[in-house]
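# Results of the structural survey
Chain residues, written in single-letter form:
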Amino acid sequence: MRPEKLNLGGPVFLEQPDGSLAQGVPLGFREQTPPSTPRLHSNEPNAALLNVDIVRVLARHETLFLSLLFLQLIVESVFETIHIKYREDALFELSLIYPSLSKPVICTLYWMAFVGETAYCFAYFGLGVLAAFKSKPALYQRFSTVALIGTLGQLPLAYLNRFNLLIFFLRFISYAYARFQWNLLHGIGLLREELAP
């Protein structure tokens, strides 16, 4: 066995009988400062690759969100067309369900529900497309609020035989996806702030 040379200028590590390590340092010893974090250097190619990946992920999710809105537009248009085409049958059924209401009152309620749904759809789809094209977290948050209101607003329409389970679930899925997009954009904003010099 060769005797090992002791380094008296730095720390010494000793193994205890139980297997743990102990560090011994000479008087006045100072640890070297660790190197700076590589995250602070945003000029590196990793930051550019990160930005490309972020843009790709956002573009894919925005495309899926717009596809969901397009599918929902088709479904809602078809169902509103069906409601208008068979309005006489719907009004007759409502008069049987609510015999105490006069036919003009039922007709007024039915058309008010139609106008309300149409106005809601314009606001809903307009805000959804605006949120997808602008990619702002605040717009996705507003859209998710409007989608939740529309989802819950489907429930009272059951009293007018206008409740549609498919529209209910599509609005709920849109609400959930808008919340996901909002969280994603919020997280990316925090990441960009951290990478900024």
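Quick note: structure is the one above.
The rules behind each value
Residues numbered from 1 in each chain as written. Predicted model: local features only at pLDDT ≥ 70, side-chain atom pairs only at ≥ 80, totals over all residues. Heavy atoms only, no water. Helix = DSSP H or I, 4+ residues; strand = E, 2+ residues; numbered from the N terminus. Contact = heavy atoms within 4.5 Å. Areas by Shrake-Rupley, 256 points an atom, 1.4 Å probe, with all protein chains shown as cover. Phe/Tyr/Trp six-rings, centres within 6.5 Å; stacked < 30°, edge-to-face > 60°. Buried < 20%, exposed > 50% of the residue type's maximum accessible area, 1.4 Å probe, protein only.

## Concerning the overall build of the protein
A count of helices and strands for the protein gives five helices and two strands. A sequence separation of at least 24 residues applies to 66% of the contacts in the protein between residues at least 6 apart. Summed over all atoms, the accessible surface of the protein reaches about 13900 Å², with 67% contributed by carbon and sulfur.

## A few points about the packing of aromatic side chains
Scanning the model with the defined rule gives eleven aromatic pairs in all. Ring geometry for phenylalanine 65 and phenylalanine 143: centres 5.3 Å apart, planes at 85°, overall edge-to-face. Of this pair, phenylalanine 65 sits in helix 1 (residues 45-85) while phenylalanine 143 is found in helix 4 (residues 137-153), placing the two residues 78 residues apart along the sequence. Relative accessible area serves as the criterion here: at 0%, phenylalanine 143 is assigned to the buried category. Their ring planes at 75° and their centres at 5.5 Å tell us that phenylalanine 168 and phenylalanine 169 sit as a pair that is edge-to-face. A relative accessible area of 18% places phenylalanine 168 in the buried class. With a relative accessible area of 45%, phenylalanine 169 lands in the partly exposed category.

## Section: the side chain of threonine 151
Position of threonine 151 relative to the elements: it lies in helix 4. With near-sequence residues (within four places) excluded, threonine 151 lies in contact with Phe168, Arg171 and Phe172.

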